[in-house]
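For reference, the chains in residue letters:
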Amino acid sequence: MDATRAGKGCGSCKNLVAEVVLWFCGGEVEEDPSIHYYVPGVPLTKPQLIAAAREQGLKSVSSVFKALTGGLEDAASKPALASLLATIWNSEYEDERDARFINDRVHGNIQKDGTFSVIPEMPGGVCTPDELKRIAEVAVKYEVPLVKLTGGQRIDLLGIPKDRLPAVWSELGMPAGSAWGKWYRTCKSCVGTDYCRFGLGDSMGLAYKIERRFRGIDSPAKLKLAAAGCPRNCSEALIKDVGFVAIGDGKWEIYIGGAGGSLVRKGDLMCTVDSEEAAIAYGGRFMQFYRENAKWRERTYDFVARIGIERIRAVIVEDCEGLGAALDAAMQASVDAAYDPWKEATAPKTVNQFASAISAAEA
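Conventions adopted
- Residues numbered from 1 in each chain as written.
- Predicted model: local features only at pLDDT ≥ 70, side-chain atom pairs only at ≥ 80, totals over all residues.
- Heavy atoms only, no water.
- Core = buried A, V, L, I, M, F, W, Y, C linked by side-chain atoms within 4.5 Å.
- Buried < 20%, exposed > 50% of the residue type's maximum accessible area, 1.4 Å probe, protein only.
- Helix = DSSP H or I, 4+ residues; strand = E, 2+ residues; numbered from the N terminus.
- Contact = heavy atoms within 4.5 Å.
- Axes fitted to C-alpha atoms, helices over the stretch in contact; angles between N-to-C directions.
- Parallel < 35°, antiparallel > 145°, perpendicular 65-115°, else oblique.
- Left-handed = near helix turned anticlockwise from the far one by under 90°.
- Nonpolar A, V, L, I, M, F, W, Y, C, P; charged D, E, K, R; others polar.
- Pairing = 2+ DSSP bridges.
- Right-handed = clockwise from strand over helix to strand, strands pointing away.
- Expected span 1.5 Å × (residues − 1).
- Arc of directions from axis to C-beta.

Asks: So what's going on with the nonpolar core? Which residues, and what values?
Replies: Membership of the largest hydrophobic core comes to 37 residues, with the highest contact counts inside it found for Ile210, Leu225, Phe244, Ile254, Phe286 and Ile312. Of the residues forming this core, the biggest block, 7 residues, is contributed by helix α9 (residues 276–293). The residues touching leucine 225, leaving out its near neighbours within four places in the chain, are Tyr184, Thr186, Cys187, Lys188, Ile210, Lys240, Val242, Phe244 and Met287. By size, the runner-up hydrophobic cluster in this structure holds 23 residues, among which are Met122, Val144, Trp342 and Phe354.

In structure tokens, the structure reads:
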């Protein structure tokens, strides 16, 4: 992959690349031991790295390198370490912005022309007429080149220069949609019981609660959720990282490890619960288990296949390993520490956080 760049783009063909190498070598392939490390720059597995960080009180990326590699830093390891430390320490995590991708530093997806996209939060795809009006007014005022509906039922303003991001956020007056990195992204929803003739559960209401609870949560890879008001699955809940499907009488099925991208995978049924509260609790417990045990950039569909649905059910639903309370507490700590990063519009983390890369002479 390093030699040919195969698998270095979106990453969807990595498994195929591995199969090609195995076939060409007749199955005799020497694996680099470093692939078992959480990050290439620190020779420890993820459990070992978590233990070392907790035991030694390592709350910043630079402190990890200082304590565990003799001060030798590895730029490729920094984003993964930043995400892991944020998961471990929550509000105590010491944020060093040079450890993050540009997307995470300015809270927007960078585009190929160097501009950024802005996606405000719309829980379950719902917004008020006033919010819709504000989005339109901002798009007109700042001459936004493209306004697009996303696959997550939100509105994307594309083509915003970096130095205009704070003003756009302030005038929108809406929370960030966390659409730029390895985070909880959104919870898609169908109409549910309010208007749909087939609705068996309040999918919009559940999606709203899910979005409010988990927004701003760091993750090894992006997390896309959905709530469907009936098994007709209009919100595509069966192919999401976590999907909630109403089956009547207040019950919800919870599916995990679904995918609808280049790899299409129906999620595995983890459990059936009797209330929205239980659905949110078990969904959150699974996400925390995933956050603590997944490889960096490993989506839930690979994680579930690797760990196995039987063990996941045993840990999450049956609590056979006695981890349930700890996972719930860890998720709650992350929820308590989450904040709206778009508030940095008025309180930037660094002096040049939103400075344009183009000098006045070049403009």
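Asks: Go over helix α11 (residues 309–316), please, and point to the residues and values.
Replies: Taken together, the buried positions of α11 are Ile309, Ile312, Ala314, Val315 and Ile316. Buried-residue contacts for α11 involve β8 (251–256), β11 (268–273), α9, α10 (300–307) and α12 (324–337).

Asks: Can you break down the packing of helix α6 (residues 129–141) against helix α7 (residues 165–172) residue by residue, with the values?
Replies: Two elements in contact, α6 and α7, have axes separated by 9 Å at closest approach and are oriented at 150°. Accordingly, the angle class assigned to the pair α6 and α7 is roughly antiparallel. For α6 against α7, the interelement crossing comes out right-handed. From α6, Arg134, Ile135, Val138 and Lys141 reach across to α7, where they touch Val168, Glu171 and Leu172. Here the residues of the contact of α6 with α7 sort into 4 nonpolar, no polar and 3 charged.

Asks: Which residues make up the sheet that holds strand β1 (residues 109–110), and what values do they have?
Replies: Spatially, β1-β2-β4-β3 is the arrangement adopted by the 4 strands of the open sheet, whose pairing is antiparallel. The open sheet is flanked by β1 and β3 (146–149), the only strands paired with a single partner. Across 2 bridges, β1 lies against strand β2 (residues 116–118) in antiparallel orientation. Its bridge partner being in β2, asparagine 109 is matched across the sheet by serine 117. Running over the sheet, α6 touches β3 and β4 (155–160) and is turned about 15° from β4.

Asks: Help me get a handle on the pairing of strand β6 (residues 223–228), residues and values and all.
Replies: Buried residues dominate β6, accounting for 5 of its 6 residues. Where strand β5 (residues 184–189) and β6 come together, 5 bridges link them in parallel fashion. Bridge pairing in β6 places serine 189 opposite alanine 227. Between β5 and its parallel partner β6, the chain crosses via helix α8 (residues 203–214), and the hand of that crossover is left-handed. Of the strand pairs in this sheet, β6 and strand β7 (residues 242–248) are connected by 4 bridges, and their pairing is parallel. Looking at β7, one finds that alanine 227 is bridged to phenylalanine 244.

Asks: Go over α6, please, and point to the residues and values.
Replies: Look at α6: 18 Å from first C-alpha to last across 13 residues, which is about the 18 Å you get at 1.5 Å a residue. Looking only at α6, the buried set comprises Ile135, Val138 and Ala139. For α6, the angular spread of the buried residues around the axis is 100°, confining them to a single face. Residues Pro129, Lys133, Val140 and Lys141 are exposed on α6 and point more than 90 degrees away from its buried face.

Asks: Go over the pairing of β7 with me, naming the residues and quoting the values.
Replies: Taking burial as the measure, the 7 residues of β7 include 6 buried ones, the bulk of the element. Of the strand pairs in this sheet, β7 and β8 are connected by 6 bridges, and their pairing is antiparallel. Counterpart to alanine 246 in the pairing with β8 is tryptophan 252. Counting the residues that bridge the hairpin from β7 to β8 gives 2 residues, and of these aspartate 249 lies at a positive phi of roughly 60°.

Asks: Break down the sheet that holds β8 for me, with residues and values.
Replies: Spatial strand order, β5-β6-β7-β8-β11: 5 strands in an open sheet with mixed pairing. Only two strands of the sheet have a single neighbouring strand rather than two, namely β5 and β11. Between one strand axis and the next, the sheet turns by 20° as a mean value, whatever way the strands run. Packing of α11 onto the sheet brings it into contact with β8 and β11, and relative to β11 it is tilted by some 25°.

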